[in-house]
Amino acid sequence: MIGKDLSLAIDLLNDGKLVSIPTETVYGLAANALNEQAVIGIFKAKNRPFFDPLIVHVANVEQAKKYSNNWTLNADKLSKQFWPGPMTLLLEKNNLIPDIITSGSSKVALRIPKHPLTLELLSQLNFPLAAPSANPFGYISPTKPSHVEKQLSNQVNYIIDGGDCEVGIESTIVDCTSDKAKVLRLGGLSINELALCLGYLPELNTIENSNPQAPGQLDKHYAPHSKLIIVEDLNLINLKDSNTGVLSFGKHFKSIPNVSELNLSEVGNLDEAAKNLFSYLRILDEMKLNQIYTQYLPNIGLGIAINDRLKRASQK
Ligand code: TXA
Ligand code: MG
């Protein structure tokens, strides 16, 4: 069921049930983070391995501090500037956070999402919400309520309709446990913005392999069922098969006749491209094409995070 009934959502969450929540990045599949059984329900619904930890969503900075053992100067600076917003901070956890949330790690990922309905919901609950993206494990993240309904309607008790996600790609994850902040996942907040706030360029520690010991950054992720092929230049592709899709960017690309093309941003705007990325990939995927061609976007601003998603989505 989809709707805007927050009191229903609160009742369900109090009861240990799963509710899909809108955020500015992607839709989440939420449950009471302090209730282990409810959290197990999230892993099962997504078919997600237990080694991949969950982000804990809170209403305000006070609550974030309540669940971390060691609130650092970096966390202070970043949270003041970018929360609520598309950024997740990794901090030492305390005993209030069940080990299943962090897959046994001593660090917990915390975030205040920027969406009025979800902020209202969080402020009315007396527990934080664990919420991964509301997609089956490994598939494209949802940016509209209908995406969640299509794939998880049997697993989720209620979907809060918060419209289309404004940012469209997941939060940037920053490890704030030491003096030097490190970026663990590229996302909706650009490295430049982080650097301006921190006063230095944070180290990039995104993991490039499929090592289950290094959760979160599995090689293959966000993947459509059709093969996604990244080429140097879409203008140069030579097509023999018309059952092909093209995911393009910028008006310089000349369309190929008889091919399904979606342009992430005709004016070449990277924010617009991020917002469209997952829903366009889904539309193309639903066409059951033999392959989808795309090319990397300019590697600046949100383009860096978009390219990361394209690369992972194209892994065999
Ligand atoms: O924008 C977002 O972050 C969305 C919305 C719903 O908030 N959530 C999201 O969750 O993208 P998910 O589970 O799809 O991705 C979270 C990533 C995973 O790669 C996970 O491994 C990593 O964060 N993560 C979570 N907790 C962690 C921890 N304690 N240590 C290291 N990585 C962690
Ligand atoms: Mg995800």
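Relevant structure appears above.
What you are looking at is a predicted structure, and each value in this text was computed from that prediction instead of being measured.

Thresholds applied
- Residues numbered from 1 in each chain as written.
- Chains lettered and ligands numbered in written order.
- Predicted model: local features only at pLDDT ≥ 70, side-chain atom pairs only at ≥ 80, totals over all residues.
- Heavy atoms only, no water.
- Phe/Tyr/Trp six-rings, centres within 6.5 Å; stacked < 30°, edge-to-face > 60°.
- Helix = DSSP H or I, 4+ residues; strand = E, 2+ residues; numbered from the N terminus.
- Buried < 20%, exposed > 50% of the residue type's maximum accessible area, 1.4 Å probe, protein only.
- Lys NZ or Arg CZ within 6 Å of the ring centre and 35° of its normal.
- Pairing = 2+ DSSP bridges.
- Contact = heavy atoms within 4.5 Å.

Observations regarding the packing of aromatic side chains
Okay, step 1: Per the stated rule, a full pass over the model turns up three aromatic pairs.
Okay, step 2: Plain terms: the ring middles of Trp71 and Trp83 are 6.4 Å apart, the flat faces sit at 45° to each other, and that makes the pair tilted. On the criterion of sequence distance, the pair formed by Trp71 in the loop between helix H3 (61-67) and helix H4 (73-82) and Trp83 in the loop between H4 and strand E5 (87-92) is long-range, its members being twelve residues apart. A single burial state applies to Trp71 and to Trp83, both of which are buried.
Okay, step 3: Seen in terms of ring centroids, Tyr222 and Phe278 are 5.6 Å apart; in terms of plane orientation they differ by 20°. Their pairing is stacked. With Tyr222 in the loop between strand E11 (203-204) and strand E12 (227-230) and Phe278 in helix H9 (residues 270-286), this pair connects stretches of sequence that are 56 residues apart. Each member of the pair, Tyr222 together with Phe278, is buried.
Okay, step 4: Of note, Lys180 hangs over the ring of Tyr200, and the distance from its end group to the ring centre comes to 4.0 Å.

Overview of the pairing of E5
Okay, step 1: Along E5, five of the six residues are buried, which leaves the element largely enclosed by surrounding structure.
Okay, step 2: When E5 meets strand E9 (residues 172-175), the two strands line up parallel, connected through four bridges. Paired with Leu90 across the strands is Asp175, a residue of E9.
Okay, step 3: Two elements, E5 and strand E6 (residues 107-111), share four bridges in a ladder whose sense is antiparallel. Bridge pairing links Leu91 to Val108 in E6.

Quick notes on the environment of Val231
Okay, step 1: Topologically, Val231 is positioned in the loop between E12 and strand E13 (244-248).
Okay, step 2: The exposure class assigned to Val231 is buried, which follows from its relative accessible area of 19%.
Okay, step 3: In the structure, Val231 is positioned 62 residues away from Tyr293 in sequence and 6.9 Å away in space, judged by C-alpha atoms.
Okay, step 4: Not counting residues within four places of it along the chain, the set of residues in contact with Val231 comprises Ile237, Tyr293, Thr294, Gln295 and Tyr296.

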